[in-house]
Amino acid sequence: KHDHTFTAGTGGEYKCGCGLTCYHNTIGDDGKCTDMCKQQIYVAALTKSDGSKTRYKTFTDAWSAAIENNGSSLKLLCDVDLGRTGENAALKASSGIFTVDLNRFTLSADSNSGVISVGNTAKLTVKNGKLTNTPTRGDSSITCAVKVFDGYVELENVELTGGSAFGEQNCSAIVYNGTLNITDSTFNGALMVYPDLIGKVEPKITSATLNNGIVY
């Protein structure tokens, strides 16, 4: 007898070294296998405007599907770390109208350009969880959680954390253009508003905890 240790196989199944194989015949609403391996199989679920639902094994696939389906709602099923993305934002939206329900989980990345970057005509609502940029190097202040170049972003009950440079917290969000509506959210780094020369920036704060103030 032994405690089974399951590792992912090439076909999506999970195997123990003893030969026992789990094919995830039953998966709960939380995205976890309820058979033998108990692993997290799906990390997000998308509900389209017509009520149909699809579950995804990677958050980037779920994000792309949400952009393509106006009026959809994307729900996180577990903590998701998107890893190191360098100079690129981990997630980008330049079109689409959708909601991201973090579902009390944390969406994180190590990015010089933000966890989420929004521009052009995108309209995005993020609610109920944490957005965290994780770098601890001496990077510039753009290691934020949310960057708004244009469009519309609404934050409801979200805790935002930027990267830390030289031991100090960077900004949590940067707005260059467009609208940022904030309700019941916490900013562990500064909220930075840098209006560009040709656009219009509208930061609107209904209720928030600003632990590092506003830079305008």
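Rules of the game
- Residues numbered from 1 in each chain as written.
- Predicted model: local features only at pLDDT ≥ 70, side-chain atom pairs only at ≥ 80, totals over all residues.
- Heavy atoms only, no water.
- Pairing = 2+ DSSP bridges.
- Helix = DSSP H or I, 4+ residues; strand = E, 2+ residues; numbered from the N terminus.
- Contact = heavy atoms within 4.5 Å.
- Axes fitted to C-alpha atoms, helices over the stretch in contact; angles between N-to-C directions.
- Phe/Tyr/Trp six-rings, centres within 6.5 Å; stacked < 30°, edge-to-face > 60°.
- Buried < 20%, exposed > 50% of the residue type's maximum accessible area, 1.4 Å probe, protein only.

Trainee: If you had to explain the sheet that holds strand β11 (residues 116-118) to someone new, which residues and values would you point to?
Mentor: With respect to topology, 6 strands assemble into an open sheet ordered β8-β11-β13-β17-β19-β21, the strand pairing being parallel. One side of each edge strand has no neighbouring strand; the edge strands of this open sheet are β8 (91-93) and β21 (214-215). Sheet topology note: the strand β17 (residues 173-175)/strand β19 (residues 191-193) ladder contains 3 bridges and is parallel. Residue pairing across strands places Ala173 opposite Leu191, the latter belonging to β19. Seen against the sheet, helix α1 (residues 59-68) touches β8 and β11 and runs at an angle of roughly 5 degrees to β8.

Trainee: Which residues make up the packing of aromatic side chains, and what values go with them?
Mentor: Under the defined criterion, the tally for this structure stands at 4 aromatic pairs. With a centroid separation of 5.2 Å and an interplanar angle of 85 degrees, the aromatic rings of Trp63 and Phe98 are classed as edge-to-face. Here the residue Trp63 occupies a position in helix α1, and Phe98 occupies one in strand β9 (residues 97-101), the gap between them amounting to 35 residues. Judged on exposure class, the residue Trp63 and its partner Phe98 are both buried.

Shape descriptors only; they carry no functional weight alone.
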